[in-house]
Amino acid sequence: MDLDTRLLRYFVAVAEEGTITRAAARLFVSQPSLTRQIRQLEDRLGTPLFDRSRTGMTLTEPGRALARRAPALLDGLDSVLRETREAAARAARTLRVGFLASAANEATRWIVAEFARRRPGWRAEMRQAPWSDPSAGLASGAVDVALVRLPFPGQEALRTTALFVEPRWVALPAGHPLAGREVIPFRDLWDEPFVAAPAGTGEWRDHWLAAGERDGRPVRVGAVTELPDDWLSAVAHGHGVALAPASAARFYARPGVTYRPVRGVSPSGVGVARPSVDGPGAPVVRDFVRCCLDAAGVTVPRSRRE
């Protein structure tokens, strides 16, 4: 019997989270859709996998048997697919570079050019990731190396080097009462609705809402977006304000959106991340990392750079 691996991934999420609500948030799918997918898996296997109740989803005996094996099966498949994609990229002499929004700002172009000089015949293929993937595709193996915003969830499982920091500013609708100020104290924004990343991004979402820097004041969320264009549109249409790197004022200027410096909020960091375990393409990845370090003027011990 052929089985869609997507159904298995959905099953594992529900088994680990214990409720459809939490699993749907983790997977970025609607609850009715996730419920249908679990029913479809049960129909294909011919047995209930969960006992449903008001308190959540409890695994049945067949469900526990599947839950013991499915994660390893999916991990094995992910490894095979990752190795295949990496081999294809090496054959094409292409380094897959994930990034979020403006990547390493103005240094990005220099990094890419320097990598081409350092590795003749190779090309750095830039792949933008949505904010729902703060690792910019590195955690899933979709890219070989990534330019990331720090901190991000899961970075402890990767080799991440900080490159530089920049202040966080605020993006406001152009007609907002605070848009005329030169500098805005962060406490003056506490009661504003904010444009947020998806809830499943956890610490990443909290960082860009500065949730821990509000003296316990709860965050008001006015809109949820994943991509820069949607984020800008939400701000321009007055659905909320948003913290952003200062460089966003240069890279994401748009009519209807005003950027202002913010006083009293921590800065944003930019880093370069790579897998914790070296693969066959590690020498090429290391060359790209060196280009990033050179661009940022970062000096680290050679043992760490290797």
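Everything here concerns the structure above.
This report concerns the structure included in the present document.

Turning to the pattern of salt bridges, a few remarks are in order. Counted under the stated rule, the structure contains 21 salt bridges. E114 is paired through a salt bridge with R118; the nearest N and O atoms lie 3.9 Å apart. Placement of the pair is E114 and R118 together in helix 5 (residues 107–118), with a separation of 4 residues, close to one helical turn. A relative accessible area of 12% means that E114 is categorised as buried. One salt bridge in this structure joins D294 and R118, with 3.2 Å as the shortest N-O distance. Here R118 lies in helix 5 and D294 lies in helix 9 (residues 282–296), a separation of 176 residues in the sequence. When its relative accessible area of 39% is taken as the criterion, D294 is described as partly exposed. For R118, a relative accessible area of 28% gives the class partly exposed. Salt bridges here are not isolated pairs; linked through shared partners, they connect E114, R117, R118 and D294.

Evaluation of the coordinates by the stated rule reveals 5 aromatic pairs. An angle of 70 degrees between the planes, with centres 5.8 Å apart, marks the rings of F115 and F288 as edge-to-face. Of this pair, F115 sits in helix 5 while F288 sits in helix 9, placing them 173 residues apart in sequence. In this structure, F115 and F288 share a single accessibility class: buried. Ring geometry for W204 and W208: centres 6.1 Å apart, planes at 65 degrees, overall edge-to-face. Pair noted here: W204 and W208 are both in helix 6 (residues 203–209), with a separation of 4 residues, about one helical turn. You can call W208 buried: its relative accessible area is 13%. A cation sits over an aromatic face here: R168 above W208, 5.7 Å from the ring centre. Looking at R214, its charged tip hangs above the ring of F194, at a distance of 4.6 Å from the centre.

Turning to its location among the elements, R149 is positioned in strand 5 (residues 145–150). Within the structure, the side chain of R149 is placed 2.7 Å from the side chain of E166, a separation counted as a polar contact. Of note is the side chain of R149, whose polar atom sits 2.8 Å from the side chain of S268. Once you skip the residues sitting within four places of it in the chain, R149 turns out to touch L100, S102, A103, N105, E166, W204, W208, P245, S247, S268, G269 and V270.

What follows is about the nonpolar core. By size, the foremost hydrophobic cluster in this structure holds 45 residues, and its most contacted members are V170, F186, L189, W231, L243 and Y259. Of all the elements in the fold, those that place two or more residues in this core are strand 5, strand 7 (168–173), strand 9 (193–196), helix 6, helix 7 (228–236), strand 11 (242–245) and strand 12 (257–263). Among all residues touching L243, those that are not within four sequence positions of it are R168, W169, V170, F186, F194, W208, L209, A210, W231, V262 and V265.

Glancing now at the sheet that holds strand 11. The 4 strands lie next to each other as 8-12-7-11, forming an open sheet whose pairing is mixed. Bordering the open sheet on either side are strand 8 (184–185) and strand 11, each of which pairs with just one other strand. Summarising the sheet, strand 7 and strand 12 pair through 5 bridges and their orientation is antiparallel. Of the residues in strand 12, the one forming a bridge with A171 is Y259. Its contacts with the sheet put helix 7 on strand 7, strand 11 and strand 12, and the angle it makes with strand 12 is roughly 90 degrees.

What counts as what
Residues numbered from 1 in each chain as written. Predicted model: local features only at pLDDT ≥ 70, side-chain atom pairs only at ≥ 80, totals over all residues. Heavy atoms only, no water. Salt bridge = Lys/Arg side-chain N within 4 Å of Asp/Glu carboxyl O. Helix = DSSP H or I, 4+ residues; strand = E, 2+ residues; numbered from the N terminus. Buried < 20%, exposed > 50% of the residue type's maximum accessible area, 1.4 Å probe, protein only. Phe/Tyr/Trp six-rings, centres within 6.5 Å; stacked < 30°, edge-to-face > 60°. Lys NZ or Arg CZ within 6 Å of the ring centre and 35° of its normal. Polar contact = N/O pair within 3.5 Å; in protein donor to acceptor, adjacent residues only side chain to side chain. Contact = heavy atoms within 4.5 Å. Core = buried A, V, L, I, M, F, W, Y, C linked by side-chain atoms within 4.5 Å. Pairing = 2+ DSSP bridges. Axes fitted to C-alpha atoms, helices over the stretch in contact; angles between N-to-C directions.

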